[in-house]
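# Descriptive analysis of the structure
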Amino acid sequence: MNLIVAVDKNWAIGNKNELLVNIPRDKKFFREMTTGKVVVMGRKTLESFPNGMPLPNRINIVLTKNKNYKAKGTILVHSLEELLEELKKYDKEDIYVIGGGTVYEQLLPYCSTAHVTKIDHAFEADTYIPNLDECPEWKITAESDEQTYFDLEYYFLQYERKNS
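All of the points below concern the structure found in this document. Treat the numbers as computed from the prediction; the structure is a model and nothing was measured.

Before going further, it helps to spend a moment on the packing of aromatic side chains. On inspection of all chains with the given rule, the structure shows four aromatic pairs. Taking 4.9 Å as the distance between ring centres and 40 degrees as the angle between the ring planes, the aromatic pair formed by Phe29 and Phe156 counts as tilted. In this pair, Phe29 sits in helix H1 (residues 24–34) while Phe156 sits in strand E12 (residues 152–161), placing the two residues 127 residues apart along the sequence. When its relative accessible area of 13% is taken as the criterion, Phe156 is described as buried. When the ring of Tyr154 is compared with that of Phe156, the centres are 5.6 Å apart and the planes differ by 90 degrees; the resulting orientation is edge-to-face. Pair check on accessibility: Tyr154 and Phe156 agree, each one buried.

Time to look at helix H3 (residues 80–87). Because each turn of an α-helix spans 3.6 residues, side chains separated by three or four positions in sequence point in the same direction. Along H3, the residues that are buried comprise Leu80, Leu83, Glu86 and Leu87. Across the axial projection of H3, the buried residues extend over an arc of 125 degrees, all falling on one side. Structurally, H3 contributes buried residues whose contacts are with strand E4 (38–42), strand E5 (59–63), strand E6 (74–77), strand E7 (95–99) and helix H4 (101–107).

So, on to empty space enclosed by the protein. All chains considered together, the criterion is met by one cavity of 30 Å³ or more. Space inside the largest cavity adds up to approximately 30 Å³. In terms of lining, the largest cavity is formed by Ala6, Ile13, Leu19, Leu20, Val21 and Ile119. Split by residue class, the lining of the largest cavity holds six nonpolar, no polar and no charged.

Criteria and thresholds
Residues numbered from 1 in each chain as written. Predicted model: local features only at pLDDT ≥ 70, side-chain atom pairs only at ≥ 80, totals over all residues. Heavy atoms only, no water. Phe/Tyr/Trp six-rings, centres within 6.5 Å; stacked < 30°, edge-to-face > 60°. Helix = DSSP H or I, 4+ residues; strand = E, 2+ residues; numbered from the N terminus. Buried < 20%, exposed > 50% of the residue type's maximum accessible area, 1.4 Å probe, protein only. Arc of directions from axis to C-beta. Contact = heavy atoms within 4.5 Å. 1 Å grid on protein atoms, 1.4 Å probe; cavity = no way out; pocket = protein on both sides within 12 Å on 5 of 7 lines; lining within 4 Å. Points joined across faces, edges and corners; volume = space filled by probe spheres on them. Nonpolar A, V, L, I, M, F, W, Y, C, P; charged D, E, K, R; others polar.

Set out below in structure tokens:
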């Protein structure tokens, strides 16, 4: 299973249910990586999309505790156990965890690859994910050259879970 995320230098991912910044090349990378694949998210992440609609050309699986929640074009699951059972239907390589913070935290132990856009800036934020640089079981296996978007510098990094 894969994780895909954009983080700032403090491993923040969002503020007030919005991304910290919209970088066109990061969005393009996200689209290229996830189109035709399975994306797993929480309810708030789904609701942060335009009109709260699922991402096109992907299987959208939403994890929510709210059993009355309805979302067109999605597969709804209500527990981690139910989610893991649903994910057995798909190739692990085709599954991308896309947020938010709680979902990343819950599914990190099941991920073997993390695609991280690391932005060299500290934003005002209220949502974070674990810092993979401080997790001994993760290592960087690929790193892009420095990218820039206006005055922001960022890198595309790939982390792999070390074989235990």
